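Structural overview
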Amino acid sequence: MNEILLETRQLKKYFQTPRGLLHAVDDVNLQFRRGKTLGVVGESGCGKSTLGRTILKLLEPTSGEILYKGTDIAGYGRRDTKRMRQHMQMIFQDPYASLDPRMTVREIISEPIYINKTMTDRREIEKKVGQLMETVGLAARLSNAYPHELDGGRRQRIGIAKALALEPEFIVCDEPVSALDVSIQAQILNLMLDLQEELGLTYMFVTHDLSVVKMISDEIAVMYLGKCVERAPSQELFSHPYHPYTKALLSAIPVPDLSCRGKKREVLKGEVVSPIDPAPGCRFALRCRHCTERCTQGPVELLEVAPGHMAACCRWSEL
Amino acid sequence: MSKIHTILEVKDLRVAYAGSGERVQAVNGLSFGVQEGECLGLVGETGAGKTTVALSVMGLLPERTSRIESGEIIFEGRDLLQCKKKEMQAIRGEKISMIFQDPMTSLNPVLTIGEQILEGLELHNEEKKSREELIARVHEMLELVGIPAARYHEYPHQFSGGMKQRVVIAMALACSPKLLIADEPTTALDVTIQAQVLDMMSQLRERLGMTMILITHDLGIVAEKCDTVATVYAGEIIEFGTVEDIFSGEAHHPYTKGLFDALPSLVSTERRLKSIEGLMPDPTDLPAGCKFHPRCPRCKPICREREPEPVQISQSHMIKCFLYAQGEEEMGSR
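Read on for a plain summary of the structure. (Residues numbered from 1 in each chain as written. Chains lettered and ligands numbered in written order. Predicted model: local features only at pLDDT ≥ 70, side-chain atom pairs only at ≥ 80, totals over all residues. Heavy atoms only, no water.)

Examining the overall build of chain A
Note the cut-off: Note on conventions: DSSP H or I runs of at least 4 residues are helices, E runs of at least 2 residues are strands, and numbering of each starts at the N terminus. The atom set for the radius of gyration is the C-alpha atoms, and the globule formula is 2.2 Å times the number of residues raised to the power 0.38. Every residue pair with non-hydrogen atoms within 4.5 Å of one another is taken to be in contact. For every accessible area listed, the method is Shrake-Rupley and the probe measures 1.4 Å; residues are considered covered only by the protein chains on display. Charged residues are defined here as Lys and Arg on the positive side and Asp and Glu on the negative side; His and the ends of the chain fall outside this count. In plain terms, the charge of a residue is placed at NZ if it is Lys, CZ if Arg, CG if Asp and CD if Glu.
The helix and strand tally for chain A stands at ten helices and twelve strands. On C-alpha atoms alone, chain A measures out to a radius of gyration of 21 Å, which is about the 20 Å that the 2.2 N^0.38 rule sets for 319 residues. Projected onto its principal axes, the C-alpha positions of chain A cover 65 × 50 × 45 Å. Contacts in chain A between residues far apart in sequence, at least 24 positions, make up 65% of those at least 6 positions apart. When the accessible surface of chain A is totalled, it reaches about 14,300 Å², and 49% of it is carbon and sulfur. Placing the 42 positive and 40 negative side-chain charges of chain A at their respective mean positions leaves the two points 2 Å apart.

What about the packing of aromatic side chains?
Test applied: Under the pairing criterion, centres of Phe, Tyr and Trp rings, with the six-membered ring standing for Trp, must be within 6.5 Å; the plane angle then separates stacked pairs below 30 degrees from edge-to-face pairs above 60, leaving the rest tilted. In this scheme, the term charge over a ring applies when either NZ of a lysine or CZ of an arginine sits within 6 Å of the ring centre and within 35 degrees of the ring normal.
A complete count under the given rule lists nine aromatic pairs over all chains for this structure. Ring geometry for Tyr233 of chain B versus Tyr255 of chain B: centroids 4.4 Å apart, planes at 55°, classification tilted. Linking Tyr233 of chain B in strand E9 (residues 228-233) with Tyr255 of chain B in helix H9 (residues 254-262), this pair joins segments that are 22 residues apart in sequence. The ring of Phe238 of chain A is capped by Lys214 of chain A, whose NZ or CZ atom sits 5.5 Å from the centre of that ring.

Describing the pairing of strand E8 (residues 211-216) of chain B
Regular strands place their side chains on alternate faces of the sheet. Residue and element names in this part refer to chain B. Test applied: Three labels apply to residues, based on accessible area from a 1.4 Å probe with only protein chains included: buried if under 20% of the type maximum, exposed if over 50%, partly exposed otherwise in between. Pairing between strands is defined by DSSP: at least two bridges between them are needed. For a crossover, the right-handed case is the one in which the path from the first strand over the helix to the second runs clockwise, viewed with the strands pointing away from the viewer.
Extensive coverage of E8 is indicated by the burial of six of its six residues. Both faces of E8 are covered, namely the face carrying Thr211, Ile213 and Ile215 and the face carrying Met212, Leu214 and Thr216. Where strand E3 (residues 39-43) lies against E8, five bridges are found, and the strand directions are parallel. Each residue of the ladder has a partner; that of Val43, found in E8, is Thr216. With five bridges connecting them, strand E7 (residues 179-183) and E8 associate as parallel partners. In the sheet register, Ile181 faces E8, and the bridge partner there is Ile213. For the handedness criterion, the β-α-β arrangement of E7, helix H6 (residues 191-208) and E8 is classed as right-handed.

Regarding the interface of chain B and chain A
The following threshold applies: Here's the idea: put two parts together, see how much 1.4 Å probe accessible area each one loses, and the total over both is what we call buried area. By salt bridge we mean one thing: a side-chain nitrogen of Lys or Arg within 4 Å of a carboxyl oxygen of Asp or Glu. Each residue is assigned to one class: nonpolar for Ala, Val, Leu, Ile, Met, Phe, Trp, Tyr, Cys and Pro, charged for Asp, Glu, Lys and Arg, and polar for all the others, Gly among them.
At the junction of the two partners, chain B supplies 49 residues and chain A supplies 44 residues. For the pairing of chain B and chain A, the buried interface totals around 3,800 Å² over both sides, and the portion due to carbon and sulfur atoms is 54%. In this assembly, chain B and chain A are joined by two salt bridges. For Arg272 of chain B, the salt bridge goes to Asp194 of chain A, with nearest N and O atoms at 2.7 Å. The biggest single contributor to the side of chain B that touches chain A is H6 of chain B, with eight residues. Looking at side-chain class alone, the side of chain B that touches chain A contains 22 nonpolar, 13 polar and 14 charged residues.

Details of unusual backbone geometry
The backbone of Lys117 of chain A shows a phi angle near 50°, a positive value even though the residue is not glycine. Topologically, Lys117 of chain A is positioned in the loop between helix H3 (105-116) and helix H4 (122-135). The backbone phi angle of Ser176 of chain B is positive, close to 45°, even though this residue is not glycine. Among the structural elements, Ser176 of chain B can be located in the loop between helix H5 (161-173) and E7. For Ser176 of chain B, a relative accessible area of 47% gives the class partly exposed.

As for the environment of Ala279 of chain A
With respect to the helices and strands, the residue Ala279 of chain A is situated in the loop between helix H9 (244-252) and helix H10 (293-297). Through-space distance from the C-alpha of Ala279 of chain A to that of Leu180 of chain A is 37 Å; in sequence the pair is 99 residues apart.

Let's talk about the pattern of salt bridges
Residues and elements named next belong to chain A. In total, this model carries 35 salt bridges over all chains according to the counting rule given. Arg9 is the salt-bridge partner of Glu7, the closest N and O atoms lying 3.5 Å from each other. The class for Arg9 is partly exposed, based on a relative accessible area of 37%. With its nearest N and O atoms 4.0 Å apart, the salt bridge here joins Arg53 to Asp174. On the criterion of sequence distance, the pair formed by Arg53 in helix H1 (residues 48-55) and Asp174 in strand E7 (residues 170-174) is long-range, its members being 121 residues apart. In this structure Arg53 comes out as partly exposed when scored by relative accessible area, which is 30%.

A short note on the environment of Thr231 of chain B
In this fold, Thr231 of chain B is placed in strand E9. Sequence-wise, Thr231 of chain B and Leu286 of chain B are 55 residues apart; in three dimensions their C-alpha atoms are separated by 18 Å.

Some details on the nonpolar core
Rules: Throughout, nonpolar core names a set of buried Ala, Val, Leu, Ile, Met, Phe, Trp, Tyr and Cys residues whose side chains join them through atoms within 4.5 Å.
In this structure, Ile99, Ile169 and Phe247 of chain B are the most contacted members of the largest nonpolar core, which totals 63 residues. With seven residues, the top contributor of residues to this core is H5 of chain B. Ignoring any residue separated from it by four or fewer positions in sequence, one finds Phe247 of chain B in contact with Pro256, Asp257 and Leu258 of chain A together with Leu219, Val222, Ala223, Val229 and Phe260 of chain B. Among the nonpolar cores identified, the runner-up in size contains 42 residues, and Leu99, Leu164, Val177 and Leu195 of chain A belong to it.

Some remarks on the packing of helix H5 (residues 152-164) of chain A against helix H6 (residues 182-199) of chain A
All names here are of chain A. To be explicit about the condition: Helix axes are fitted only over the stretch in contact, all axes being lines through C-alpha atoms; the angle between N-to-C directions runs from 0 to 180 degrees. Just so you know how the angles are binned, under 35 degrees is roughly parallel, over 145 roughly antiparallel, 65 to 115 roughly perpendicular, and the rest oblique. By convention, the crossing between two helices is left-handed when the near helix turns anticlockwise from the far helix through less than a right angle, and right-handed when the turn is clockwise.
Here H5 crosses H6 at 20°, and the two axes come no closer than 10 Å. Viewed along their axes, H5 and H6 adopt a mutual orientation that is roughly parallel. For the pair H5 and H6, the crossing hand works out as right-handed. On H6, the residues touching Gly153, Gln156, Arg157, Ile160 and Leu164 of H5 are Ile184, Gln187, Ile188, Leu191, Met192, Leu195 and Leu199. Of the residues assigned to the contact of H5 with H6, the class counts are eight nonpolar, three polar and one charged.

What to know about a negative patch on the surface
Residues and elements named next belong to chain B. To keep things clear, this is the line we draw: Residues with no salt bridge and a relative accessible area higher than 30% make up the patches, which join like charges within 9 Å and nonpolar side chains (Val, Leu, Ile, Met, Phe, Trp, Tyr) within 5 Å.
A surface patch of like charges, here negative, comprises Glu126, Glu127, Glu132 and Glu133. Along the polypeptide, Glu133 turns up in helix H4 (residues 131-144). Classification of Glu133 as partly exposed rests on a relative accessible area of 45%.

Notes on the sheet that holds strand E4 (residues 63-68) of chain A
Residues and elements named next belong to chain A. Strand order in the open sheet made by the four strands is E2-E1-E4-E5, with antiparallel pairing throughout. At either end of the open sheet lies a strand with only one pairing partner, and these are strand E2 (20-33) and strand E5 (71-72). Here E4 pairs with E5 via two bridges, running antiparallel. Note that in E5 the partner of Leu67 across the bridge is Asp72. Packed onto the sheet, H1 meets strand E1 (4-17), E2 and E4 and runs at close to 115° relative to E1.

As structure tokens, this is what we get:
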């Protein structure tokens, strides 16, 4: 049950910019357990999407390892990567932008099959597309429709069907519901949970929405400026956050409940600083209320603060 | 009760957009009132008509494609829909102003932020203040929203998203408007920045005694910031009440209830969400009867035929649904 399907070790992705080296993903170690969901949360620019894309090798990692079933795929060439991608797919954020407007629903869903030649018989492919559409709850009559004819929820269903076409084991879901309304968001999240149960999928769920991530994830990793600052089982993270950033993030969510009204919450000062050539030490130090000299000196490592709960804060025991 | 003064009243507003042979019924007989000093939340999903209502109040509906078919918008005793363009220009920005959703696109990229804030002040300069006085006012506004006055000469691209939204807020507040309409002011921002901006907005509202209409889809923000709430669905207000009515009251419109159930909760450990089946109705082809009936789990035969009338559950709480209509029992037994 706890078999690790995919693991990243010291994964780094840097971008060369005119102003210096941008540390988008910096030394990230994550384990993805088979059939489970790891949620990755953080604000814009924290590197969560870059992390997802690097794991799928849509971006070439700068250094580090990506172990898929124990084999390092970080150094794979084009052909091997293409073969690997049959097992690792992605659902994109924006169902408006991620579908080709000139292709019909059927063409979009069957494209990965044609590209990867996992099936060759046309009739079989048609049958497979029909099954996929049924799985994700798209009416068969829509198979010849174009994306612009459909609403956001249905488009996201196409995106999901397309990701499932190659029968992958691992899916990176990059903000799959943030462009959708709540009532539609609930439909899509439920669908994703059903699919996970039926097909035993492993998800990496990237989002900025903490209430969504809590509901869908088994484990959550919080990212700040390219670093994973805290990692814990979902319930545990919400009930006992250790890192000051996680605490601030949790207290910033507006809760739809009147009992929380007027409660003074911890409002973070300042904004996310630039990830270009970051200073040594804790990346959060500049915005942290509890910052001491120690925080800015050396690197702050993730430590096990409770069983299965990791946090990267040098003052975790005092706070 | 008589002391409370209604600052804005919208009565039976109907707005339609016409385009390529289709008629989009965006707002269908919507009425509400805002009391002076309070914050009204307009809640609903994409396409419910929230922004159209705001634009109607501002007189900013696209001239060619939209048509106000009926209704009145009474602000300080005057019907804004009868106002001439000139009169509307005097009101807009000075008495009523608006914050738009996306701070990235609502600022002019080739003007410094100081000039942009100044622009509104110059247009509404009835007291014939000197330019220096106006610039001093801009500095004051910048400090008020937490931007150092020294950044007056910087351009929008030099600011982060949260800071840009602060600039937009400074612009909207520069003329001390009586009524501020904020259309999804924090949707484009990160949570920690959203918390900063919302905090700042409520402090300013308290200090300046402003009335606000907050348009949002986030029920969490409504619970924290609003005094009264209107749920909008397919261009109609289907439920209206105080925050207590909406968040802790017993009776609810099935759609409002559905919205709450569809939210992933931070407290519950439920692994499945209750979603509202189906989709928002197509505004070019609205269903007969209650517009929510095709998605309603408690739909009755009458809902398909007749449009429900507003029912006052209590003095402050209105629900537009046959479930609460008087004489419901008789109808059910017939």
